[in-house]
Amino acid sequence: MRSNRLELLPAVDVRDGQAVRLVHGESGSETSYGDPMEAALAWQRAGAEWLHLVDLDAAFGTGDNREQIAEVARAMDLRVELSGGIRDDASLSAALATGCARVNLGTAALETPEWVAKVIAEHGDLIAVGLDVRGTTLRGRGWTRDGGDLYETLARLDSEGCARYVVTDIAKDGTLQGPNLELLRNVCAATEKPVVASGGVSSLDDLRALATLVPEGVEGAIVGKALYAKAFTLEEALEAVSV
Ligand SMILES: O=C(O)c1ccccc1N[C@@H]1O[C@H](COP(=O)(O)O)[C@@H](O)[C@H]1O
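Residues numbered from 1 in each chain as written. Predicted model: local features only at pLDDT ≥ 70, side-chain atom pairs only at ≥ 80, totals over all residues. Heavy atoms only, no water.

Looking at an unreviewed UniProt entry, one finds the chain named Phosphoribosyl isomerase A, with Streptomyces yatensis as its source organism. Regarding the chain, the UniProt comment filed under Function (unreviewed entry) reads as follows: "Involved in both the histidine and tryptophan biosynthetic pathways." Recorded under Subcellular location (unreviewed entry), the UniProt text for the chain is reproduced unchanged: "Cytoplasm". (UniProt positions renumbered as here; feature names shortened; annotations may be inferred.)

See the structure below:
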């Protein structure tokens, strides 16, 4: 049964060994926030139940931070959602070996749909698919390449039994402009599977607005820039969505 409380997933995105935030996911727009382990431990101490942990170099194809990310994932007592560069058996096995609660596949769902169908069948709830969109066009390879229509891909993944979607509006990501509630409503109307919202959260009111979408299927929200910019604390965010 679905919970009626919005889950919060503070984000730690790692580029070149540092916790960073990007604007619109654009390479080169990084603001650095220091050591990823310290950031993750800070969110854990503040009461986070989930951590959204991203290897941005692996997503962009500019290397990877795999060892460091595995160290962070292993050090956590909370549940970790791991993403970035998980595109084949080797990277999936390495990700799952960290003990993470689930992995988030992006590019692979656009470029190697047969492999994604296979791993959904094998791993069920451990696999989520990230639907990173501009308008209704999916983007892969560090959000630099078009990858098809959102709703066609969603229907295909649904038919393959995908357990969950992480929906990012790229136009909102890292901008502190508020989430795209219309997009989230539309995705929730198109699937019965839970949706994790990503991109744009700027205030406690944004989180309260997302919490109103829980009955429609929004299960959680990824929060990045707003926490690093100290728009509110994680403790305040958790309180705002508690019911
Ligand atoms: O999170 C970001 O800011 C981001 C920016 C640019 C590209 C990817 C980004 N994050 C996440 O990376 C995975 C996709 O990685 P891949 O395509 O599977 O290698 C996905 O969770 C994005 O949301």
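So, about the nonpolar core. Judged by nonpolar contacts, the single largest core of 64 residues is most densely connected at Val12, Leu51, Leu53 and Leu207. Dropping the residues within four chain positions of it, Leu207 is found in contact with Leu6, Leu8, Val201, Ala221, Val223, Phe232, Ala237 and Val241. Judged by nonpolar contacts, the second largest core, of 7 residues, contains Leu9, Ala11, Val166 and Ile222. (Core = buried A, V, L, I, M, F, W, Y, C linked by side-chain atoms within 4.5 Å. Buried < 20%, exposed > 50% of the residue type's maximum accessible area, 1.4 Å probe, protein only. Contact = heavy atoms within 4.5 Å.)

Before going further, it helps to examine the confidence of the model for the chain. On average, residues of the chain carry a pLDDT of 96, and 99% of them reach 70 or more. Interface confidence for the predicted complex, expressed as ipTM, amounts to 0.94; the pTM equals 0.97. (pLDDT = per-residue confidence, 0-100.)

Gly85, Arg87, Asn104, Gly106 and Thr107 are the nearest of the 18 residues found near the ligand. Ser83 places a side-chain nitrogen or oxygen 3.1 Å from an oxygen atom of the ligand. Sort the elements by how many residues they give to the shell around the ligand and helix α2 (residues 56-60) lands first, with 3 residues. Here the residues of the shell around the ligand sort into 6 nonpolar, 8 polar and 4 charged. (Near = heavy atom within 4 Å. Polar contact = N/O pair within 3.5 Å; in protein donor to acceptor, adjacent residues only side chain to side chain. Helix = DSSP H or I, 4+ residues; strand = E, 2+ residues; numbered from the N terminus. Nonpolar A, V, L, I, M, F, W, Y, C, P; charged D, E, K, R; others polar.)

Quick look at the side chain of Asp132 now. Tracing the backbone shows Asp132 in strand β7 (residues 127-134). With no salt bridge to any partner, buried Asp132 finds its closest opposite charge in Arg87, at an N-O distance of 8.9 Å. Of note is the side chain of Asp132, whose polar atom sits 2.8 Å from the side chain of Trp143. When near neighbours in sequence (up to four residues on either side) are disregarded, Asp132 contacts Thr137, Leu138, Arg139, Trp143, Val166, Thr168 and Ile170. (Lys, Arg positive; Asp, Glu negative; His and termini not counted. Salt bridge = Lys/Arg side-chain N within 4 Å of Asp/Glu carboxyl O.)

Before going further, it helps to examine helix α9 (residues 204-211). Among the residues making up α9, those that are buried are Asp206, Leu207 and Leu210. All buried residues of α9 project into a common sector of 100 degrees when viewed along the axis, lining one side. On its buried side, α9 packs onto β1 (7-15), α8 (181-190), β11 (195-198), β12 (218-223) and α11 (234-241). (Arc of directions from axis to C-beta.)

Following the criterion strictly, the structure yields 14 salt bridges and no others. Two residues, Arg21 and Asp13, come together in a salt bridge whose shortest N-O distance is 3.3 Å. A relative accessible area of 10% places Asp13 in the buried class. One salt bridge in this structure joins Glu122 and Lys118, with 3.8 Å as the shortest N-O distance. Here Glu122 pairs with Lys118, and both are found in helix α6 (residues 113-123), just 4 residues apart, close to one helical turn.

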